[in-house]
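Architecture and fold: a report
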Amino acid sequence: KQKISSKTRFSIVAVALVAFMGILAETSLNVTFPTLEKTFGLPLSTVQWVTTAYLLVVAIVMPTSSYISQRFQNRTLFFSGLIFFTLGDLLSLISPNFTILMAGRLIQGIGTGIAIPLMFNLVLTKIPRERVGLWMGFAGMILSIAPALGPTYGGLLTGTLGWRMIFAIILIIPICLFPLGAWAIEKSEKKRPGKFDFIAFIFLSLVMTSALLALDSLSSAEFSWIWLVCFILGLIAFIWRTKTSTLNFIDIDVFKSPTFTLSVLVYCILQFVNLGINFIIPNFLQVSLGATSTLAGFALLPGSLIGSAAQGPIGALYDRKGAKAILYSGNTVFFIALVLLTIFTKNLTLLGVMGLYVVFTVGRSSSFATNMTNSLAQLLHDKAASGNAWFTTTSQFAASAGTATASLIATKSSNLTTGTQHVFMFFLCLALLNFVFYTLILNKKIK
């Protein structure tokens, strides 16, 4: 078997830590909204854009990963992502007003949008095929633990040292990563991609932006049909452009594979539900059960650690046994956790929530990386970068949509406890839908 060098291992770790910082920064600010409202004298509807706009920038940058992975060296991409994130973090730290804070968050989003697909590309190109499952599990662990650590990290610092310390402490990691990346990440083979299709990029950016704004408008008194029309027209224009243009952009032809299309849907559902749960549980614990913000954020920590620790063994199991048993068993555990959360919402205690979140995370983690690895392994080698770009792009958009949808359902109910139960019920239906998708994915007749 091929040996994995130390530089390869540490290069993946270095890029994974940039991705980790990005996701941690994304979720840690969710608990600071009341403080930011007082600091800048702005309503919640404005303040929440420090997270929403950040996720949108990440999702917009990610489709370029297929092109830039061929156009630029891995070293160049790593340091670009790290520099963007560090500059954005510094700007957010010293921001004298909300406009500067927003600018810092947008710059951070560019860095995260570069780092996440680069992490998966390194695994797919540098790791021997028989070890890919294990290392994809490691990458999945990074993406699954950071969203749950965020509320604990942000809540603890906001309640003690102030919200700016969220950005100050994160700076320790980039300081260590500059020398580590300089040593570990070697020059990669550069290909000669065609010219970048900026028109297709603009259309896809319009699709994601208008979809998010249309969803956001549901929380207001009147739904914005303009954004819905922009979404539909933008989607039609994007598909037309990618079908007729010879310029280089993210490849839409990968969706000709039913297996790939269904796998992306499953991946989005898992990310949608995960971020929605991570939003609703801390709020439920604080408002309905009277827990402190620090304790509410901490409630997610045991499940996150256990679920993340399971990623490596699950990836190794995939290398030996394949995807079928892992996908079905993982979704069964995922489904059972949501059933129990739905039934017992009004009788839950802090310990009960913590226990069920452990079950939920183990089930979700089992399916998350396995589903992506299984799908990408079936694509032709020259399609893998585009497939990876679609997974990372749609999952980031699903993350923002999951948070927005959970908030919308909860606030439209008579009280937060009832709203939380409705959120669990909706997510339960999505988990049930995943069983149908898995059956189709594993049916070899449609491959």
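So, a few notes on the structure that sits alongside this text.

Basis of the calculations
- Residues numbered from 1 in each chain as written.
- Predicted model: local features only at pLDDT ≥ 70, side-chain atom pairs only at ≥ 80, totals over all residues.
- Heavy atoms only, no water.
- Helix = DSSP H or I, 4+ residues; strand = E, 2+ residues; numbered from the N terminus.
- Rg over C-alpha atoms; globule rule 2.2 N^0.38 Å.
- Buried < 20%, exposed > 50% of the residue type's maximum accessible area, 1.4 Å probe, protein only.
- Areas by Shrake-Rupley, 256 points an atom, 1.4 Å probe, with all protein chains shown as cover.
- Lys, Arg positive; Asp, Glu negative; His and termini not counted.
- Charge placed at Lys NZ, Arg CZ, Asp CG, Glu CD.
- Arc of directions from axis to C-beta.
- Phe/Tyr/Trp six-rings, centres within 6.5 Å; stacked < 30°, edge-to-face > 60°.
- Salt bridge = Lys/Arg side-chain N within 4 Å of Asp/Glu carboxyl O.
- Contact = heavy atoms within 4.5 Å.

**Focus: the overall build of the chain**
Along its length, the chain carries 20 helices and 0 strands. For the chain, whose C-alpha radius of gyration is 21 Å, the value lies close to the compact-globule estimate of 22 Å for 447 residues. Overall, the chain is about 55 × 50 × 45 Å in size when its C-alpha atoms are taken along their principal axes. A buried classification covers 57% of the 447 residues belonging to the chain. About 18,400 Å² of surface is accessible on the chain, with carbon and sulfur atoms providing 69% of the total. Across the chain, the 30 positively charged side chains and the 13 negatively charged ones have centroids separated by 8 Å.

**Things to note about helix α2 (residues 33–40)**
All of the buried residues in α2 are F33, L36 and F40. End-on view of α2: buried residues confined to an arc of 60°, all on one side of the axis. Looking at the residues trailing α2, positive phi occurs at G41, about 65°.

**Side note on helix α16 (residues 311–321)**
Every buried residue of α16 is accounted for by Q311, G312, I314, G315 and Y318. In a view along the axis of α16, the buried residues occupy a sector of 165°, so they form one face of it. For α16, the exposed residues lying more than 90 degrees away from the buried face are P313, R320 and K321. At the C-terminal side of α16, G322 shows a positive phi close to 95°.

**Points about the packing of aromatic side chains**
Using the criterion set out here, one finds 20 aromatic pairs in the structure. Judged by centre distance (5.8 Å) and plane angle (65°), the rings of F10 and W183 are edge-to-face. In this pair, F10 is assigned in helix α1 (residues 6–28) and W183 in helix α10 (residues 172–184), connecting sequence segments 173 residues apart. Exposure remark for F10: the relative accessible area of 39% places this residue in the partly exposed category. Judged by its relative accessible area of 42%, W183 is partly exposed. Among the aromatic residues, those joined into a ring-pair cluster are F238, F255, F260, Y267, W390 and F391.

**A word on the pattern of salt bridges**
Applying the stated criterion across every chain, the model contains 3 salt bridges. Note that D253 and K243 form a salt bridge whose closest N and O atoms lie 3.2 Å from each other. Taken together, the residues span a long stretch of sequence, with D253 in the loop between α12 (225–244) and α13 (258–287) and K243 in helix α12 at a distance of 10 residues. Close ionic contact of K256 with D253 constitutes a salt bridge, the shortest N to O distance being 3.8 Å. Its relative accessible area of 30% is what places D253 among the partly exposed residues. Connected through shared salt-bridge partners, K243, D253 and K256 make up one network.

**Details of the environment of L156**
Here L156 lies in helix α8 (residues 132–160). When the C-alpha atoms of L156 and L430 are compared, they prove to be 32 Å apart, with 274 residues separating the residues in sequence.

**Here's the deal with the environment of P282**
For P282, the position within the fold is in helix α13. Taking C-alpha positions, P282 is 22 Å from L215, a pair spaced 67 residues apart along the chain. Contact partners of P282, with chain neighbours within four places excluded, come to I277, A296 and L300.

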